[in-house]
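Residue-level listing of the chains:
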Amino acid sequence: MKSHPLLALIISIIFSLIAFMSPTEGYKVWIHNKLESGTWAGVDAVTEDGKKITSNWSFSHKGFHLTIPDDTGLYYLHFGLISFEDVKTRGPFTNDQDACWHFHGNVFKWEVYTC
Ligand SMILES: *[C@@H]1O[C@H](CO)[C@@H](O)[C@H](O)[C@H]1NC(C)=O
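Described below are features of the structure shown in this document. In this text the structure is predicted, and so the values were computed from the model without any measurement.

1. A few points about the overall build of the protein
Stage number 1. Across its full length, the protein carries 1 helix and 8 strands.
Stage number 2. When the helices and strands of the protein are listed from N to C terminus, the series reads α-β-β-β-β-β-β-β-β.
Stage number 3. Over its C-alpha atoms, taken along the principal directions, the protein stretches across nearly 75 × 30 × 20 Å.
Stage number 4. The buried share among the 115 residues of the protein stands at 28%.
Stage number 5. Of the contacts made within the protein by residues no fewer than 6 positions apart, 52% connect residues no fewer than 24 positions apart.
Stage number 6. Counting only carbon and sulfur atoms, one obtains 60% of the accessible surface of the protein, whose full area is about 7,800 Å².

Rendered as structure tokens:
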């Protein structure tokens, strides 16, 4: 039996829609920068063996997010201000859900909290 070309097209469209809708995007780490107005803050996501996965940053009071790819198992977060001289490391985290953190304080005294 020869398959109908239109049917083949419809099936391929359905398959690409399924692929498009499935969550292949990775989990997100949402960061709120609640530091003193205009303060730069950045976050690096790092693997267990210290390789950088991704990073992002903002000036307060803008927020930002990191996307942790699906193939990442455990990861650490490095929170830093300006030069990352004083880095706060949190983790390890398992890459199985979205996360949310916020920066509080000013350049001299700051802290990070989960939401
Ligand atoms: C950084 O965060 C902003 C705001 O959430 C977002 O639009 C942008 O895509 C992020 N960049 C990366 C590399 O994740």
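2. A closer look at the state of the cysteines
Stage number 1. Evaluated as defined, the whole model comprises 1 disulfide.
Stage number 2. Here Cys100 pairs with Cys115 through a disulfide, and the sulfurs are 1.8 Å apart. An S-S torsion of about -65 degrees defines the bridge between Cys100 and Cys115 as left-handed. One end of the pair, Cys100, is in strand β7 (residues 99-105); the other, Cys115, is in the segment after β8 (110-114), with 15 residues separating them in the sequence.
Stage number 3. The exposed category is assigned to Cys115, whose relative accessible area is 57%.

3. Some words on the sheet that holds strand β5 (residues 74-81)
Hydrogen bonds between backbone groups are what pair the strands of a sheet, and the pairing can be parallel or antiparallel.
Stage number 1. Taken together, the 4 strands give an open sheet; going across it, the order is β3-β2-β5-β6, and neighbouring strands pair in antiparallel fashion. Taken across any chain shown, the strands that pair with only one partner, and hence form the sheet edges, are β3 (52-59) and β6 (88-94). On average, each strand axis in the sheet is tilted by 20 degrees relative to the strand beside it, whichever way the strands run.
Stage number 2. Relative to β5, strand β2 (residues 40-47) is paired through 7 bridges, and the arrangement is antiparallel. By the bridge assignment, Thr47 is partnered in β5 with Tyr75.

4. A short note on the pairing of β8
Stage number 1. With 5 bridges joining them, β7 and β8 adopt antiparallel strand pairing. Considered in β8, the bridge of His104 is made with Glu111.
Stage number 2. Counted along the chain from β7 to the antiparallel partner β8, the turn is 4 residues long.

5. Section: the sheet that holds strand β4 (residues 64-68)
Stage number 1. Sheet architecture is open: 4 strands sit in the order β4-β1-β7-β8, paired in mixed fashion. At either margin of the open sheet sits one strand with a lone partner, and together these are β4 and β8. Direction aside, neighbouring strands of the sheet carry axes that sit 20 degrees apart on average.

6. Regarding the site of the ligand
Stage number 1. Taken together, the neighbourhood of the ligand is formed by Asn56, Phe64 and His65.
Stage number 2. Between the ligand and Asn56 there is a distance of 2.4 Å, counted from an oxygen atom to a side-chain nitrogen or oxygen.
Stage number 3. With respect to the ligand, the side chain of His65 contributes an N or O atom lying 2.8 Å from an oxygen atom.

What counts as what
Residues numbered from 1 in each chain as written. Predicted model: local features only at pLDDT ≥ 70, side-chain atom pairs only at ≥ 80, totals over all residues. Heavy atoms only, no water. Helix = DSSP H or I, 4+ residues; strand = E, 2+ residues; numbered from the N terminus. Buried < 20%, exposed > 50% of the residue type's maximum accessible area, 1.4 Å probe, protein only. Contact = heavy atoms within 4.5 Å. Areas by Shrake-Rupley, 256 points an atom, 1.4 Å probe, with all protein chains shown as cover. Disulfide = S-S within 2.5 Å. Pairing = 2+ DSSP bridges. Axes fitted to C-alpha atoms, helices over the stretch in contact; angles between N-to-C directions. Near = heavy atom within 4 Å. Polar contact = N/O pair within 3.5 Å; in protein donor to acceptor, adjacent residues only side chain to side chain.

Take it as geometry only, folks, not as evidence of what the structure does.
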